[in-house]
Amino acid sequence: MFTANTTLMLVATFLPLLGALVLLLVPKDQRRVFEIGSLIIMIASLLLSLPFWFGYDRASDAVQWAGSWTWIPALGARFAVGMDGISLLLWLLTTFIGPIAIACSFKSIEERHKEYYLWMLVLQTAMLGVFITQDMFLFYLFWEVMLVPMYFLIGIWGGPQKLYAAIKLFLYTLAGSVLMLVAILAIYFLQHKTTGGYDFSLASFQAMAPIIAQQSKSYQHLMALAFFIGFAIKVPMFPFHTWLPDAHVQAPTAGSVILAAILLKMGTYGFVRFLLPILPGATKDLMPWFLTLALIGIIYGALVAMIQKDMKKLVAYSSVSHLGLCMLGLFALNPYGIKGGLFQMLNHGISTSGLFLAVGIVYERRHTRMIADFGGLSKTMPVYATIFMIMTMSSIGLPLLNGFIGEGVILMGAFQAFPWAAMVATLGIILGAAYMLWMFQRVMFGPITAVNEKMEDLNLREILYFAPLVAAAFWIGLNPTPIMDVMDAPVRKLVTQVNPDFYKAESLAAKQAAAAKLGMRGMSAPAHHGEAPAAHGAAPAGHEAEPAGHGAPAPEAHGHGGGK
Amino acid sequence: MTGFAQGLLNALQRDTHLIMPQLFLMVVATLMLWPGDLFFNRAEKHKWAPITLVILAVTAFLVTRVPEGEGFSRMFRMDGLTRGFQLLCILASAGTVLLSVRLLDSLKQQTVEYYALILFSLSGMLFLCGASDLISVYFSIELMAICIYILVAYLRDRATSVEAGMKYFLLGAFSSGILVYGISLIYGAAGGVTTNLADLNQLLALTPTTSNLLVYSGVLMVLVGMAFKVAAVPFHMWSPDAYEGAPTPITAFMATAPKAAALAAFLRVFGAGFHGVSSDWVMPLTYIAGASMILGNVAAVKQESMKRLLAYSSIAHVGYMLLGVLSGDPKAGAQAVWLYMLIYIVMNTGAFAVVIYLQGKGEGERIEDFRGLGKKRPVLAFAMMVFLLSLAGIPPLVGFFGKFYLFKLAIEQGFVTLTVIALLTSAVSAYYYLGVVKEMYFKEPEGEAIPMGAAQAFIVGVACVLVLVGTAFGPWLLKWAGEIFWI
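Every value quoted in this text rests on a predicted model; they were computed, and no experiment measured them.

Q: Is there a simple way to explain the packing of helix α3 (residues 85-103) of chain A against helix α23 (residues 481-498) of chain A in this structure?
A: Describing two packed helices takes the angle between their axes plus the distance from one axis to the other. Residues and elements named next belong to chain A. The contact between α3 and α23 brings their axes to 7 Å, and the two run at 140°. By the angle between their directions, the pair α3 and α23 is classed as oblique. The residues of α23 that touch α3, namely those facing Gly85, Ile86, Leu88 and Leu89, are Ile483, Val486, Met487 and Pro490. Here the residues of the contact of α3 with α23 are counted per class, giving 7 nonpolar, 1 polar and no charged.

Q: So what exactly am I meant to see when it comes to unusual backbone geometry here?
A: Note: most peptide bonds trans; most residues except glycine with negative phi. A cis amide bond, omega 0°, links Phe238 of chain A with the succeeding residue Pro239 of chain A. Turning to its location among the elements, Pro239 of chain A is positioned in the loop between α11 (217-234) and α12 (243-250). A cis amide bond links Trp34 of chain B with the next residue in sequence, Pro35 of chain B, at an omega value of 10°. Tracing the chain through its elements places Pro35 of chain B in the loop between α2 (20-33) and α3 (48-65). Phi is positive for Trp65 of chain A, which is not a glycine, with a value near 55°. As for its position among the elements, Trp65 of chain A is in strand β1 (residues 64-72).

Q: Help me understand the nonpolar core in this model?
A: The nonpolar side chains of soluble globular proteins are, as a tendency, buried together. In this structure, Trp91, Phe200, Phe227 and Phe271 of chain A together with Phe270 and Phe274 of chain B are the most contacted members of the largest nonpolar core, which totals 409 residues. If you tally residues by element for this core, the top one is helix α14 (residues 330-359) of chain B, at 22 residues. Not counting chain neighbours up to four residues away, the residues in contact with Phe270 of chain B comprise Val219, Val222, Leu223, Met226, Ala265, His275, Trp281 and Val325 of chain B.

Q: Please clarify how the interface of chain A and chain B should be interpreted in this entry.
A: A common way to express how large an interface is: the accessible area buried when the components associate. If you look at the interface, chain A gives 36 residues, while chain B gives 32 residues. Summing both partners gives a buried area of about 3100 Å² for chain A against chain B, and 84% of it is carried by carbon and sulfur. Area buried by chain A at its contact with chain B is led by Arg112, Val182 and Phe189 of chain A, which between them contribute 15% of it. At the boundary of chain A with chain B, the tally comes to 0 salt bridges. Applying the counting criterion to the chain A and chain B interface returns 4 residue pairs in polar contact (both at pLDDT 80 or more). Where the side of chain A that touches chain B is concerned, the elements lending two or more residues are β1, α5 (113-132), α6 (136-145), α7 (147-157) and α8 (162-195) of chain A. In terms of residue count, α8 of chain A provides more of the side of chain A that touches chain B than any other element does, 15 residues in total. Class assignment of the residues belonging to the side of chain A that touches chain B gives a composition of 30 nonpolar, 2 polar and 4 charged.

Q: Whenever I open this one, the packing of helix α4 (residues 80-107) of chain B against helix α11 (residues 248-273) of chain B confuses me. Can you help?
A: All names here are of chain B. Here α4 crosses α11 at 175°, and the two axes come no closer than 8 Å. Considering the angle they form, α4 stands roughly antiparallel to α11. Contact residues: Leu81, Thr82, Phe85, Leu88, Cys89, Ala92, Ser93, Thr96, Leu99, Ser100 and Leu103 in α4; Thr248, Pro249, Ala252, Phe253, Thr256, Ala257, Ala260, Ala261, Ala264, Leu267 and Arg268 in α11. In the contact of α4 with α11, the residues fall into 15 nonpolar, 6 polar and 1 charged.

Q: Whenever I open this one, the side chain of Lys312 of chain A confuses me. Can you help?
A: All names here are of chain A. The topology assignment puts Lys312 in helix α15 (residues 311-331). The side chain of Lys312 sits in the buried core without any salt bridge; Asp310 is the nearest counter-charge, 7.7 Å away. One polar contact links Lys312 to Ser256, side chain to side chain, over a distance of 3.3 Å. When residues no more than four places from it in sequence are discounted, the contact partners of Lys312 are His248, Val249, Ala251, Pro252, Thr253, Ser256, Phe356, Val359 and Arg369.

Q: Explain the environment of Met327 of chain A here, please?
A: All names here are of chain A. Of note, Met327 is situated in helix α15. For Met327, a relative accessible area of 0% gives the class buried. Sequence separation between Met327 and Ala294 is 33 residues, and the spatial gap between their C-alpha atoms is 6.1 Å. Setting aside residues up to four positions removed in sequence, Met327 forms contacts with Val235, Met237, Thr268, Phe271 and Ala294.

Q: Can you help me understand helix α10 (residues 238-245) of chain B in this one?
A: Along an α-helix, a turn takes 3.6 residues, which lines up residues three or four apart on a common side. With 6 of 8 residues buried, α10 of chain B lies mostly within the body of the structure. Inspection of α10 of chain B places Trp238, Ser239, Pro240, Ala242, Tyr243 and Gly245 of chain B among the buried residues, and these make up the whole buried set.

Q: Can you walk me through the side chain of Glu35 of chain A in this structure?
A: Among the structural elements, Glu35 of chain A can be located in helix α2 (residues 31-55). Leaving out residues up to four positions away in the same chain, Glu35 of chain A has contacts with Ile102, Phe106, His113 and Tyr117 of chain A.

Q: Looking at this structure, I do not really get the pairing of β1 of chain A. What am I missing?
A: Remember that side chains alternate between the two faces of the sheet whenever the strand is regular. Note that β1 of chain A and strand β2 (residues 77-83) of chain A share 6 bridges and pair antiparallel. Across the sheet, the residue bridging to Thr70 of chain A is Arg78 of chain A, located in β2 of chain A.

Q: Mind showing me how you'd approach the packing of aromatic side chains here?
A: Given two aromatic rings, their pairing is described by the distance between the two centres and the angle made by the two planes. By the definition in use, this model includes 59 aromatic pairs over all chains. When the centroid spacing of 5.7 Å and the interplanar angle of 75° are considered together, the rings of Phe388 of chain A and Phe440 of chain A count as edge-to-face. Of the two residues, Phe388 of chain A is situated in helix α18 (residues 382-396) and Phe440 of chain A in helix α20 (residues 419-444); the sequence distance between them amounts to 52 residues. Look at Phe440 of chain A and you get buried, because its relative accessible area is 7%. Positioned above the aromatic ring of Tyr363 of chain A, the side-chain terminus of Arg369 of chain A is 4.8 Å from the ring centre. The ring of Tyr198 of chain A is capped by Lys408 of chain B, whose NZ or CZ atom sits 5.0 Å from the centre of that ring.

Q: Looking at this structure, I do not really get the pairing of β2 of chain A. What am I missing?
A: Most of β2 of chain A is tucked away, with 5 of its 7 residues classed as buried. Between β1 of chain A and β2 of chain A, which pair antiparallel one after the other, the connecting turn spans 4 residues, and Gly76 of chain A there sits at a positive phi close to 80°.

Q: How do you make sense of helix α20 (residues 474-482) of chain B when you look at a structure like this?
A: For α20 of chain B, the set of buried residues is Gly474, Leu477, Leu478 and Ala481 of chain B. Projected down its long axis, α20 of chain B carries its buried residues within an arc of 95°, all on one side. Those residues of α20 of chain B that are buried lie in contact with β1 of chain A together with α14 and α17 (398-412) of chain B.

Q: Help me out: how do you make sense of a nonpolar patch on the surface in this one?
A: All names here are of chain B. A cluster of nonpolar residues, Phe382, Val465, Leu468, Val469, Phe473, Trp476 and Trp480, forms a patch on the protein surface that exposes about 660 Å² of accessible area. The set of elements that each furnish at least two residues to the nonpolar patch consists of α19 (454-469) and α20. Within the secondary structure, Trp480 is located in helix α20.

Q: I keep staring at the pattern of salt bridges and nothing clicks. Help me out?
A: Where charged atoms from two side chains of opposite charge approach closely, those side chains can pair. Taken as a whole and judged by the stated rule, the model has 26 salt bridges over all chains. Between Arg112 of chain A and Glu115 of chain A there is a salt bridge; the shortest N-O distance is 3.1 Å. Owing to a relative accessible area of 13%, Arg112 of chain A belongs among the buried residues under this scheme. Among the ionic pairs, Glu163 of chain B bridges to Lys167 of chain B, the shortest N-O distance being 3.2 Å. With a gap of 4 residues between them, Glu163 of chain B and Lys167 of chain B both fall in helix α7 (residues 159-189), about one helical turn apart. Take Lys167 of chain B: its relative accessible area is 30%, and that puts it in the partly exposed class. Overlapping salt bridges, with partners in common, bring together Glu163, Lys167, Asp241, Glu244 and Arg308 of chain B in one network.

Cut-offs applied
- Residues numbered from 1 in each chain as written.
- Chains lettered and ligands numbered in written order.
- Predicted model: local features only at pLDDT ≥ 70, side-chain atom pairs only at ≥ 80, totals over all residues.
- Heavy atoms only, no water.
- Axes fitted to C-alpha atoms, helices over the stretch in contact; angles between N-to-C directions.
- Helix = DSSP H or I, 4+ residues; strand = E, 2+ residues; numbered from the N terminus.
- Parallel < 35°, antiparallel > 145°, perpendicular 65-115°, else oblique.
- Contact = heavy atoms within 4.5 Å.
- Nonpolar A, V, L, I, M, F, W, Y, C, P; charged D, E, K, R; others polar.
- Core = buried A, V, L, I, M, F, W, Y, C linked by side-chain atoms within 4.5 Å.
- Buried < 20%, exposed > 50% of the residue type's maximum accessible area, 1.4 Å probe, protein only.
- Buried area = accessible area lost by both parts, 1.4 Å probe.
- Salt bridge = Lys/Arg side-chain N within 4 Å of Asp/Glu carboxyl O.
- Polar contact = N/O pair within 3.5 Å; in protein donor to acceptor, adjacent residues only side chain to side chain.
- Lys, Arg positive; Asp, Glu negative; His and termini not counted.
- Pairing = 2+ DSSP bridges.
- Phe/Tyr/Trp six-rings, centres within 6.5 Å; stacked < 30°, edge-to-face > 60°.
- Lys NZ or Arg CZ within 6 Å of the ring centre and 35° of its normal.
- Arc of directions from axis to C-beta.
- Patch = residues over 30% accessible without salt bridge, like charges linked within 9 Å, V, L, I, M, F, W, Y side chains within 5 Å.
- Areas by Shrake-Rupley, 256 points an atom, 1.4 Å probe, with all protein chains shown as cover.

In structure tokens:
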């Protein structure tokens, strides 16, 4: 009954919305019903999403569990869904974070419970929808719908500056997405001109890449910029990040958690899913600019985080820095970089949620988030201090924890493509360790004040919602292979779409390595670490026969790769 | 002489069926004034509202029955465009009547004339939708507008209402003068033989280069006259004042029905009549459309009065719809404008219903009157939020669908810069629409909620459901829009 299939995927996605409709009928003074009810709904959605992890065919790069229904034939818009490994991971991250976000709100939300939990459930469906859609029209729908619940979550249950933060979030993202809409429409009509039909499907948009590549440079660059700005605002990349600190600081804890764990990932997901495969040429042309912004984000975010006095703001700016690192990985346009970027998106989702939850704990108890107000908490709150430490370590990339793997893989990819950029990024990671540890030290150690002495350690509910995050951090850190495997085929497909030269160069390098092995037994140089300069694609061995099996498909044939 | 009379009689016999709905409206509305008015005493005047609704339903039925064709010396033409926009006008009028009942009751201002004037004005709109000659365009506009001047000043013991009526009248008369002058220039330029739009389209293309200036100024003046009627920037100055002063149901009326009719005329005059000389008007109209979007949306941000906010937002929406008029493919343009207008009527009427509800206790004029509505009347506030977000074009609400279809067309026709302006300004519009949402949900309520009239509740409920689920029924909407064609 619970095998992974399209129906189950839709059920898991729309269950929160259905649950919200049922809860709508409950009278609004039934606080417990909303809390427990929405928690049950979120957990149910999580359980329903688990079979997909096991049922995913890791060898295939196709969109799996695809389903497509006629919707608006005149526009070519279909209700098309399905997931590949990249969507699957983020989709699972969303179902995973959902119950945690609900569970952490029980105490901190003190008014208007009904509305709060209903908006949370609606938001969950909108976010899950973004990751399963395979149609641009439907994608845009989900993408925009998300904003409304978030606006209310911040605007009603937020901090003192909530109105400003809520409207800023809304307008920033809206402005970005309307630009994206123009680009979507422009490509849609270009497609109409070339094929004669109207089609919004993602596969057909990706198949447009060769045709777009024949358009004028300025056309390509404008399209790429429109997509870039739309997604960069969401990520957020410097200099479009200014909404983020406001939104994070003002949002209730659960809002921050969802914002950090999932909403920001929408931007990076957009880059992976749309900008890179649809406009590879323009992306490469503009790469110096994109790269510069990503690097500025890494360093600037870290430096600004260092001087923050508010813990939440510090974590918010650390997000700017970490997401810059993700973007650096994606922009490397080679398998390591992209895998690392995607992997780091998951890690950031886990560790930053953990940090926001941790900040939320002390805020609930003391109603302040200023670092200066705390100190010595490890004495009275040992469990809390341990969890906080794990999350901090995960965030700064300590070995054995998840962050280490992600950062490592990103840097491997970045070194292959842009060695100097990887060096700058390393500096950002060092700064990251500095500000996180400094905050930990100021909050947890040192003399304790009388007020802080009375603070209670975590209760059972709080431990329970931290537990999955801690478990995930260790599990991913100790055993990253399953997740890497899920990404493997889709990333390979993406790299052939974006950077077809890479695999040509790599197969040459592999041959050289094999030859070297024959010559000098025992010296097994890792194939990727050969010179193989992916970005330059220098001297791809023109007539080398493509190896079978994992060989890169010829670049011309990739168009309909995922169409199925 | 007898030959002429005989010809006239023949023409009437042949063509009368084309204008059956209008004739029906005029006759019935006249009968309502006398002797109809004698049947109800002062306390029973509100019964005219349901009667008017029945009349509107019959008119709508007649409109669907009228066969396609052209008549009255090719002054009036019944085709898909006419029918589609006529139905929109009737829909908007029905909404207005439903909105009016309770408000007029509470003001003790129920009269038969109010409803009769709506019907007379509607008959003018129905003519305007099908007017295929510059002369019939002009007299239909006048018939429609004169009734609305009176309706705007309907609350004659209120200074604002009278002032609004006066302003609207003066500027309306002024713009009519410009329109007529433009028509006369074009008549002269085309050789002084015809004012028929289809003929003009051919004649204007053949005019000698010496009369280029004549054609250009004529087209421009007609453009200005029409832009006044739809309140496009920079000819919009009358509209915020008129909207604010008019009784609120009439504000809702002005924002929808006459605009639908005037846009139909706009589409026909410029799409059919001046299509050949499009180089003369595309550039000015581009600026008018762009300016309407920018100014409408930016000026709305600062408003404190809800009616002024909706007035400026309607200027912006007209700016969007002018994108459809600009379309090089008039048929596709007409379809997109029709679809947008249909959606706009639904969401705008819904929003006005909520404003009128709040006016029931003397509020609703100011945006801060919405404060705490989310707590006092959660369902109503939710509906208002749906209308506002839909006006802002947030998916999946149906307002997004209309905008999407319109902007898609504009990009297809190559108006990329204008579309980017449209999209960015619609992001600006989210700011002031959300400002109202903010008042409803983020502020604490004051005072008690008042009960809501059945008619208003009906409008709010129906409109809210339509706006919520409309996008899912996109195929039907597009199919209807596909019926908007020319013969």
